[in-house]
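# Analysis of the macromolecular model
Below, each chain spelled out in residue letters.
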Amino acid sequence: MAGADLSTVADYLKTKFGPSIVTQLNDETKIRSRFFSDTGQDWVGDEVSYPVHVDRNRGVMATTEGGNLPTAGQQKLVKYHIPLRYVHGRVQFTGQAIKHSRSNIGAWARTMTLEMERLVDDLRMQFEFYYFGCGTGVRALINVDPSTSTTITVDSPGNVAGATHGNRFINPGDYVAFISPLGVLRAGGTRLVSAVSSDGLNFTITAACNSAVADNDFVVKAYGSDAALTIDNTEYMHPPMGLLGMLDDSTYVSNWHGISRDSYPIMKTPVIAQTGAVSYDIIQRGLDLAEQIGSAQINELWMHHSVRRAFLQLQYADRRYTGGDLRSPDLGTKAAKQGTITYGGISLETATMCPYGTIFGPDQRQMIRYVNTPGEWMDDDGNVLSRVSGLDAFEGTYRVFENAHYERPNAGARWDNVDATVVVAHII
């Protein structure tokens, strides 16, 4: 007779449960917290507007005795017009899900609590994407005409040129739409993303795209399933403004919150367009331009982790090891533990949503968030949760109304096309 083994005793063995739900998601948000939040003013209109001094009185010159006086001039002022932007998140759960998860014995977490708390975190992560963007909401560009395929090849993640990791800001479960480079919504409505490739080159949709979709079309998020979608129900041109549009020379945003950068070049940021390999000279060049043109005080440089590695390579060949025991020197830097390293006293800050191959040098004195609604569950009728008509279910909506602004765009710098080795790591 065979002895007892796991197959025979399985029916009376207990299951040992762990202590809690362990999230696998990266919820770190950094850049939005750097903007001063202007909650002291009551923003009840549809925009913030105030004058900006953009040119001097040019009626000034050296003269000779008895010579003509200069033609009278005047100061030149124009106005900012900063629109309000709206960001919403929505949850829905059934009455059964609430009841079945109402105790520690029955569930790891209360359904209502988990869904509502995590939605706020998810919304904050979307802001991290927005605050590094340029207000267009473009997630990627189509790379090669897809015809009517369900596999969409993409590049230029976040609308920043580059062939690497085109699907970086697209995830399964997203509804997307396609918009021409001229800003025209392509026919066919929304498509649901079912998968993204691990090499970063493409994503899959559940139904073939319309034949009108073409190479270099914009990929943007849309609200849900809709065959008769309108462009107003996509993210296109609706997100808050981000650093890519703030620290810019008209490459991404030519009209800076109501002021033409081409008409008033003083509103342009010094941009090193073809940075190439990181060098001491090219970084100093951008810092010097920002100080000369805008009296900038830059104390942080923002970049993706891959660009920080390019900075670290600057000093590897010149490193010297000292200490009590040179038989076991520490070969790394504080970056190994994700600590802050510096460049001439300027902190090198990394962020997962920062565009590849880009360095931002902002002056924090210029960074501001104009806030109408700082973050709340919609409850104007007195109820945070509303019943879903005809169902034993409830839903809630979280909202933030704000926009970000940079008061003096010339007080900063940006470096584009920085040589760096990117390892595709998809952040959901």
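To start, this report covers the structure provided alongside it. What you see is a predicted model, and the numbers here were worked out from it, not measured in a lab.

Looking now at the sheet that holds strand β21 (residues 412-415). One open sheet accounts for six strands, arranged β13-β21-β17-β14-β16-β15; its pairing is mixed. Lying at the two open borders of the sheet, with one neighbouring strand each, are β13 (271-272) and β15 (341-343). Across four bridges, the pairing between strand β17 (residues 359-362) and β21 is antiparallel. By the bridge assignment for β21, Ile359 is matched with Trp415. The strands touched by helix α5 (residues 280-294) within the sheet are β13, β14 (300-303), β15, β16 (346-350), β17 and β21, with β21 carrying the most contacts at an inclination of about 150°. Set on the sheet, helix α6 (residues 305-316) makes contact with β14, β15, β16 and β17; between it and β14 the angle comes to about 120°.

Okay, helix α3 (residues 111-130) next. For α3, built from 20 residues, the straight-helix expectation of 28 Å at 1.5 Å per residue is met to within 8% by its first-to-last C-alpha distance of 28 Å. Here α3 has its buried residues at Thr111, Met116, Leu119, Asp121, Leu123, Met125, Phe127, Glu128, Phe129 and Tyr130. On its buried face, α3 is in contact with β4 (85-94), α2 (95-100), β18 (367-377) and β20 (393-406).

Glancing now at α5. The end-to-end C-alpha separation of α5 is 21 Å, in line with the 21 Å expected for 15 residues at 1.5 Å each. Those residues of α5 not exposed but buried are Ile282, Ile283, Gly286, Leu287, Ala290 and Gly294. Down the axis of α5, the buried set is contained in an arc of 140°. They therefore lie on one face.

To continue, consider the packing of aromatic side chains. Any pair of aromatic rings gets described here by the distance separating the centres and the angle formed by the planes. Here the structure, examined in full by the defined rule, presents 13 aromatic pairs. Judged by centre distance (6.2 Å) and plane angle (55°), the rings of Phe132 and Trp302 are tilted. A residue pair is termed long-range when its members are at least 10 positions apart, and Phe132 in the loop between α3 and β5 (140-142) and Trp302 in strand β14 qualify at 170 residues. What makes Phe132 buried here is its relative accessible area of 1%. A relative accessible area of 0% places Trp302 in the buried class.

Another aspect to go through is the pattern of salt bridges. Side-chain pairing between opposite charges can occur once the charged atoms of the two side chains come close. Tallying each qualifying case throughout the model produces 20 salt bridges. Of the charged contacts, one joins Asp217 and Arg186 as a salt bridge, the two residues approaching to 2.7 Å between their closest N and O atoms. A residue pair is termed long-range when its members are at least 10 positions apart, and Asp217 in the loop between β9 (202-205) and β10 (218-221) and Arg186 in the loop between β7 (175-179) and β8 (191-196) qualify at 31 residues. Using a relative accessible area of 0% as the deciding quantity, one classes Asp217 as buried. Residue Arg186 is classed as partly exposed on the basis of its relative accessible area of 25%. Between Asp248 and Arg261 there is a salt bridge, and its shortest N-O distance comes to 3.8 Å. Of this pair, Asp248 sits in the loop between α4 (243-246) and β11 (255-256) while Arg261 sits in the loop between β12 (259-260) and β13; the two residues are 13 residues apart in sequence, bridging distant segments of the chain. Judged by relative accessible area, which is 0%, Asp248 ranks as buried.

Another aspect to go through is the pairing of β9. Examined bridge by bridge, strand β6 (residues 151-155) and β9 share three bridges and lie antiparallel to one another. Note on β9: the bridge partner recorded for Thr151 is Thr204. Remark: five residues form the turn of the hairpin made by β8 and β9, two consecutive strands paired antiparallel; Gly200 in that turn has positive phi of roughly 80°.

Moving on: the sheet that holds β7. Reading around the circumference, β5-β6-β9-β8-β7-β10 is the order of the six strands in this closed barrel, with antiparallel pairing throughout. Here the strands of the sheet are splayed against their neighbours by 50° on average, with no regard to which way each runs. Alignment of β5 against β10, held across two bridges, turns out to be antiparallel. Looking at the pairing, Ala140 lines up with Val219 of β10.

All right, on to the side chain of His405 then. Residue position: His405 is located in strand β20. Residue His405 is classed as buried on the basis of its relative accessible area, which comes to 0%. At 2.8 Å, the side chain of His405 and the side chain of His257 are in polar contact. For His405, the residues in contact, after removing those within four places along its chain, are Phe35, Tyr50, Tyr80, Ile82, Met246, Trp256, His257, Gln366, Met367, Ile368 and Tyr370.

Cut-offs applied
- Residues numbered from 1 in each chain as written.
- Predicted model: local features only at pLDDT ≥ 70, side-chain atom pairs only at ≥ 80, totals over all residues.
- Heavy atoms only, no water.
- Pairing = 2+ DSSP bridges.
- Helix = DSSP H or I, 4+ residues; strand = E, 2+ residues; numbered from the N terminus.
- Contact = heavy atoms within 4.5 Å.
- Axes fitted to C-alpha atoms, helices over the stretch in contact; angles between N-to-C directions.
- Expected span 1.5 Å × (residues − 1).
- Buried < 20%, exposed > 50% of the residue type's maximum accessible area, 1.4 Å probe, protein only.
- Arc of directions from axis to C-beta.
- Phe/Tyr/Trp six-rings, centres within 6.5 Å; stacked < 30°, edge-to-face > 60°.
- Salt bridge = Lys/Arg side-chain N within 4 Å of Asp/Glu carboxyl O.
- Polar contact = N/O pair within 3.5 Å; in protein donor to acceptor, adjacent residues only side chain to side chain.

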